[in-house]
Amino acid sequence: MKKTDRNIPAGQAGLSAPPRLFGIETWVFDLDNTLYSPDCDLFSQIDVKMSGFVADLLGLDLIDARKLQKQYFLTYGTTLRGLMDNHGVRPEDFLDHVHDIDVSPVPPDPHLAEALAALPGRKLVFTNGSVPHAERVMKRLGIDHLMEDVFDIAAADYHPKPAAITYDRFLSHYGVEAKKAVMFEDMARNLVPAAALGMTTVWLKTAYQWGHVDHVKAAVHHETEDLVGFLRAQSGDATDERAFIPDASS
């Protein structure tokens, strides 16, 4: 990822309470394990489906299939990209299979909806999943009407986060000015290209076992374990001494 070699602004992590962000015009959210809590264990359904797909495709037992699945995930950004590059898998076949899940474990979240509605500016979802999956999950959460659009793996031409080219494609597609955008992610490595481009970044720390992989401290400006609380702070007192103003000149 050559573009992540650019200067990354110094991190603002470690704050004891959510800061107030200023100058933000676009709010960018990952989907899985970010807009909903991994406690509902939704992604485990997808994980099982992926292992089964790999096992059936390559004639592996489930243990070896899972090992290969995770190897591809860590190397290529998604299992799908690894399967496409190494086995010629049609992405539609894979996505239709792994997203055929029960989303009912995701509870409606009126507090999240309220916090999102209060944010000034645009709200976008940026996911390595598919639009249909994102739409089902957002509808379940009760936030589908609050999001302007979903930029999914197909829109990224199947180059998943953290591929730098995909962040450029995302910003260009929506006409987003990076220095006036903030990105929320549960996977720390997906924030590295965002920070390199000048976006403010927020790492949502969860129990997801892969969330800390390739963590780069300087690329994580803020950390939180409470997305709703962080978002609520954005409509708080503008004189909050914890405020962090993105430097448009950096």
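This is a predicted model, so every value here is computed, not measured. (Residues numbered from 1 in each chain as written. Predicted model: local features only at pLDDT ≥ 70, side-chain atom pairs only at ≥ 80, totals over all residues. Heavy atoms only, no water.)

Brief notes about the confidence of the model for the protein
When pLDDT is averaged along the protein, the result is 88; 88% of the residues meet or exceed 70. For residues 1–15, every residue scores under 50 in pLDDT, and the model assigns this stretch 37 contacts once sequence neighbours within four places are set aside. Under a pLDDT of 50 for its full length, residues 237–250 has, in the predicted model, 26 contacts with residues more than four places off or in other chains. (pLDDT = per-residue confidence, 0-100. Contact = heavy atoms within 4.5 Å.)

Description of helix α7 (residues 164–174)
Those residues of α7 not exposed but buried are Ala164, Thr166, Tyr167, Phe170, Leu171 and Tyr174. Seen from one end, α7 has its buried residues packed into an arc of 160°, which puts them on one side. Of the exposed residues in α7, those oriented more than 90 degrees away from the buried face are Ser172 and His173. Tucked inside the fold, the buried residues of α7 contact β1 (26–29), β2 (122–126), β3 (149–151), β4 (181–185) and α8 (192–196). Remark: glycine 175 follows α7 within two positions and exhibits a positive phi of approximately 65°. (Buried < 20%, exposed > 50% of the residue type's maximum accessible area, 1.4 Å probe, protein only. Helix = DSSP H or I, 4+ residues; strand = E, 2+ residues; numbered from the N terminus. Arc of directions from axis to C-beta.)

Side note on the nonpolar core
The biggest cluster of nonpolar side chains holds 57 residues, and the ones touching the most others in it are Phe29, Leu35 and Ile143. By residue number, the principal contributor to this core is helix α1 (residues 42–58), which donates 7 residues. Taken together, domain 1 (26–38 + 106–234) and domain 2 (42–99) each give at least three residues to this core, which thus spans both. Contact partners of phenylalanine 29, with chain neighbours within four places excluded, come to Leu35, Leu116, Leu119, Lys123, Leu124, Val125, Phe126, Met147, Phe184, Leu227 and Leu231. Ala181, Ala194, Leu197 and Trp203 belong to the second-largest nonpolar core, a separate cluster that totals 20 residues. (Core = buried A, V, L, I, M, F, W, Y, C linked by side-chain atoms within 4.5 Å. Domains from an automatic or database assignment.)

Observations concerning the side chain of arginine 20
Here arginine 20 is to be found in the segment before β1. Its relative accessible area of 15% is what places arginine 20 among the buried residues. Of the polar contacts made by the side chain of arginine 20, one reaches the backbone oxygen of glutamine 234; its length is 2.5 Å. (Polar contact = N/O pair within 3.5 Å; in protein donor to acceptor, adjacent residues only side chain to side chain.)

Re the pattern of salt bridges
Taken as a whole and judged by the stated rule, the model has 12 salt bridges. The shortest N-O distance in the salt bridge between lysine 161 and aspartate 30 comes to 3.0 Å. In this pair, lysine 161 sits in the loop between β3 and α7 while aspartate 30 sits in the loop between β1 and α1, placing the two residues 131 residues apart along the sequence. Residue classification places lysine 161 among the buried positions, given a relative accessible area of 1%. Among the residues examined, aspartate 30 registers a relative accessible area of 7% and is labelled buried. A salt bridge links lysine 161 to glutamate 185; the shortest N-O distance between them is 2.5 Å. With lysine 161 in the loop between β3 and α7 and glutamate 185 in strand β4, this pair connects stretches of sequence that are 24 residues apart. Exposure remark for glutamate 185: the relative accessible area of 0% places this residue in the buried category. (Salt bridge = Lys/Arg side-chain N within 4 Å of Asp/Glu carboxyl O.)

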